[in-house]
Amino acid sequence: MKFNPTYIVYDVDKEGIKELIIKTDTCEADYIYEFYTYQNGLVLLGTAHEGHTGLHIPNNNNELSLRYSHLRVTCVMFLYIDLLLLKIK
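Residues numbered from 1 in each chain as written. Predicted model: local features only at pLDDT ≥ 70, side-chain atom pairs only at ≥ 80, totals over all residues. Heavy atoms only, no water.

**What to know about the overall build of the protein**
Here is the rule: Under the DSSP-based scheme used, a helix requires at least four consecutive residues in state H or I and a strand at least two consecutive residues in state E, with every element numbered from the N terminus. For a compact globule the rule gives 2.2 Å times the number of residues to the power 0.38, and the radius of gyration it is set against comes from C-alpha atoms. Burial classification: accessible surface area is computed with a 1.4 Å probe over protein chains only, and a residue below 20% of its type maximum counts as buried, one above 50% as exposed, and the rest as partly exposed. Residue contacts follow a heavy-atom distance rule, with two residues in contact if any of their heavy atoms lie within 4.5 Å. Working definition of accessibility: Shrake-Rupley area with a 1.4 Å probe, residue cover restricted to the visible protein chains.
Across its full length, the protein holds 0 helices and 8 strands. Element order for the protein, N to C, with α for helix and β for strand: β-β-β-β-β-β-β-β. The C-alpha radius of gyration of the protein comes to 13 Å, within 12% of the 12 Å expected for a compact globule of 89 residues. Counting every position in the protein, which comprises 89 residues, the buried fraction comes to 36%. When contacts within the protein are restricted to residue pairs at least 6 apart in sequence, those whose partners lie at least 24 apart make up 21%. For the protein, the computed accessible surface area is about 5800 Å², with 56% contributed by carbon and sulfur atoms.

**Quick look at the nonpolar core**
We count it as follows: Residues enter a nonpolar core if they are buried and are Ala, Val, Leu, Ile, Met, Phe, Trp, Tyr or Cys, with the set joined through side-chain atoms within 4.5 Å.
Val12, Ile21, Tyr33, Phe35, Leu64, Leu66 and Leu79 are the most contacted members of the largest nonpolar core, which has 14 residues in total. The residues touching Phe35, leaving out its near neighbours within four places in the chain, are Leu20, Ile21, Val43, Leu44, Leu45, Gly46, Leu55, Leu64, Leu79 and Leu86.

**Observations regarding the pairing of strand S4 (residues 42-50)**
The cut-off we apply is this: Only when DSSP finds a minimum of two bridges between them are two strands counted as paired.
Both strand S3 (residues 31-38) and S4 contribute to a ladder of 8 bridges, which runs antiparallel. Paired with Glu34 across the two strands is Thr47, which belongs to S4.

**Here we look at the sheet that holds strand S7 (residues 73-82)**
Quick note on the threshold: Interaxial angle, 0 to 180 degrees, is taken between N-to-C directions of lines fitted to C-alpha atoms, where a helix line uses only the stretch in contact.
Pairing in this open sheet of 4 strands is antiparallel, and the strands run S5-S6-S7-S8 from one edge to the other. The outermost strands of the open sheet, each flanked by one partner alone, are strand S5 (53-56) and strand S8 (85-88). Pairs of neighbouring strands in the sheet enclose a mean axial angle of 25 degrees, with direction left out of account.

**What to know about unusual backbone geometry**
Negative phi characterises most residues that are not glycine, and trans characterises most peptide bonds. The backbone of Lys14 sits at a positive phi, close to 55 degrees, despite the residue not being glycine. Looking at the element boundaries, Lys14 is found in the loop between strand S1 (3-10) and strand S2 (19-25). We classify Lys14 as partly exposed; its relative accessible area is 37%. Of note, Asn40 is a non-glycine position whose phi angle comes to about 55 degrees, a positive value.

What follows is the structure, encoded as structure tokens:
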């Protein structure tokens, strides 16, 4: 069961159409981010499953950073959109 849904609307790839990003969870350890855009209807771009994370907008690039931190370990991944797919680098 999903709890505490939150969302943001932001143009990730700077092409003029804002993406809808929804975060759901059952607890802090299992965040799920769902990324949607609009192209002749609502399109799911992909999901990112993480816990203990924060989603950040770095320096107006065409990407978002997803930072995972837990028990002295930190990992940063960059999310971007390419051909209507959410990708991670």
